[in-house]
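Tertiary structure, described
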Amino acid sequence: MNKIGKILLILACSGFLYSQLFPQDGTLYAGTDDNPFKEKLYPQGKKFPFGIWTIHTLHAMKQVKKDGFNFIQCYSPGEGTEEEIKQWLEWAKDTELFVMFNMGGFRKQAVFNEDGRHMKSFARRLETYKNYEHIAWWNLPEEKKINDGYEGPMIKAYCKYLHENDPLKRPVYMYPAAGHVAESIVPYVTYLDIIGGGIYTSLYKKARPWVLWVIQQEVKAIKESGVSNRMKVPIAFLQLSPGDGIPPTFTEIYYDIYASIIAGAKGVVAYYLHHSREVLGAYDAYAKAAKELAGEAPLGSAVLFGKNYPGISIKILSGPEIVTFLVNRNREEFQCPSINFSAKEHDGRFWLIAVNSSNEKVAAEFRGFPGRSETLKVSFEKREITLKNGSFREDFEPLAVHIYYKEGLK
């Protein structure tokens with residue numbers, strides 16, 4: 001164990017609050033000075049989490065690293081032997097990728113026993129892999145029900161054990177069995193730290209702005225849980241594999257990513273790496289956004305730590321003002337503006353992310369900027385917009401995304 005790990009272990013044993021490692025203000029725990037994992041993934045660090053699931057090979061790791069992703073997951077490398085898992089972890093380390101580490105499966109029994117063999121096996125697994133510093137998040141067996149007589153106690157015991165015994169106090173995730181409504185997510189928030197279920201808009205044949213509603217439900221569940229001793233992070237767990245549905249397009253996925261961020265997501269996961277040519281467009285959208293959010297550009301930091309910039313408003317000049325769609329099997333309707341946006345200020349920079357949530361063209365005017373003739377850069381598009389009387393006009397294609405940037409806007 002390195003020096004930092006020893007210090008953290010001493011702090012953990014002395015009752016150091018878990019929330020102090022998950023600060024809200026960007027004051028962060030850092031790794032050692034001589035490794036590429038010194039700066040951690042959010043919430044323990046400043047790096048925007050942008051990951052992809054089911055990466056098995058060194059070749060695939062190199063590819064997704066090149067394409068901008070910064071963390072990966074794999075259910076079980078090879079046959080799942082300890083030797084194969086350690087080899088997989090070393091590949092990830094050499095490729096400078098963080099890992100969401102799978103804590104293994106289980107066979108359901110009538111009663112979960114905290115002193116039983118499953119708990120002992122879980123403890124051995126943590127002991128074996130806890131010192132791999134590039135493990136960023138723990139991943140529990142997925143789709144377990146918190147209100148189940150066996151699975152519920154298991155989730156609680158596993159989370160408790162990790163929170164108390166992981167020397168680096170890393171956050172815990174589980175792909176939930178809950179629906180997308182806030183009240184069904186709340187019971188999980190008490191125990192898990194990373195919150196997010198599958199938002200497979202194309203597979204479920206949902207309207208595209210459904211992603212806004214789902215992330216809003218995650219954020220609402222976190223607030224309603226009342227948990228204050230550990231930071232809770234909503235993420236967008238989005239579709240890449242076509243499944244049984246029509247593969248999502250570049251435009252659809254690029255919209256999904258930034259719409260989820262506007263709604264409050266603090267991380268993105270692409271599920272899962274699929275080698276069919278059908279998903280090349282969708283994969284390219286993830287790669288583009290990964291470089292924008294998790295790369296050298298400061299946009300990801302603004303999303304994570306930026307303060308809301310007050311006073312910006314919008315007027316629709318042409319096209320629909322409101323989008324209405326069904327959110328669930330009960331045929332409940334959800335309405336949202338056609339143009340959704342988030343304005344942030346961070347580290348002396350101003351950012352405005354805006355998306356068109358409709359399937360029609362929309363023209364809009366953004367108002368409320370302090371400078372009467374300031375110039376905004378349209379990030380990643382190589383163009384600029386000049387404000388007129390503190391406002392500007394933009395034309396949005398269906399599901400379009402535009403990101404505006406200004407250095408030092410007062």
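Attention in this report is confined to the structure presented alongside it. (Residues numbered from 1 in each chain as written. Predicted model: local features only at pLDDT ≥ 70, side-chain atom pairs only at ≥ 80, totals over all residues. Heavy atoms only, no water.)

**So, the pattern of salt bridges**
Stated formally: Any Lys or Arg side-chain nitrogen located within 4 Å of an Asp or Glu carboxyl oxygen qualifies as a salt bridge. Secondary structure follows DSSP: runs of H or I at least 4 residues long count as helices, runs of E at least 2 residues long count as strands, and numbering of each begins at the N terminus. Note on exposure labels: buried denotes an accessible area under 20% of the residue type's maximum, exposed denotes more than 50%, and partly exposed covers the range between, all computed with a 1.4 Å probe on protein chains only.
Applying the stated criterion to the full structure yields 19 salt bridges. R208 serves as the salt-bridge partner of D256, at 2.6 Å between the closest nitrogen and oxygen. Pair noted here: D256 is in helix α8 (residues 250–263) and R208 is in the loop between β7 (198–199) and α7 (210–225), with a separation of 48 residues, a long-range link. Overall, D256 belongs to the buried group, its relative accessible area being 1%. Ionic pairing is found between R349 and E407, a salt bridge with its closest N-O pair at 3.5 Å. Of this pair, R349 sits in strand β16 (residues 349–356) while E407 sits in strand β21 (residues 401–407), placing them 58 residues apart in sequence. On the basis of relative accessibility, which here comes to 45%, the residue E407 falls in the partly exposed class. Among the charged side chains, a network of salt bridges with common partners joins D193, R230 and K232.

**Examining the sheet that holds strand β18 (residues 375–378)**
What counts is decided by this rule: When DSSP locates at least two bridges between a pair of strands, those strands are taken to pair. We call two residues in contact whenever any of their non-hydrogen atoms come within 4.5 Å of each other. Interaxial angles span 0 to 180 degrees and are taken between N-to-C directions of axes, which are lines fitted to C-alpha atoms, for helices over the stretch in contact.
As summarised here, the arrangement of the six strands in space is β11-β15-β16-β21-β18-β19, forming an open sheet in which the pairing is antiparallel. This sheet does not close on itself; its edge strands, each paired only once, are β11 (307–308) and β19 (383–386). For β18 and β19, the ladder comprises four bridges, and the chain directions are antiparallel. Bridge assignment links V378 to a residue of β19, and that residue is R383. Contacts from α8 reach β15 (339–346), β16 and β21, with the element oriented near 125 degrees to β16.

**Quick notes on the environment of F112**
Position of F112 among the secondary structure elements: in the loop between β3 (98–102) and α4 (117–129). Judged by its relative accessible area of 10%, F112 falls in the buried class. Spatially, the C-alpha atom of F112 lies 8.8 Å from that of G152, the residues being 40 residues apart in sequence. Those residues in contact with F112, other than ones at most four positions away along the chain, are H118, M119, Y150, P153, M154, A157 and Y158.

**Some words on the sheet that holds strand β17 (residues 362–367)**
In spatial order, the strands read β12-β17-β20; together these three strands make up an open sheet with antiparallel pairing. For this open sheet the edge positions go to β12 (313–318) and β20 (391–396), each flanked by a neighbour on one side alone. Adjacent strand axes in the sheet meet at a mean angle of 25 degrees, parallel and antiparallel pairs treated alike. When β12 meets β17, the two strands line up antiparallel, connected through five bridges. Considered in β17, the bridge of I316 is made with A364.

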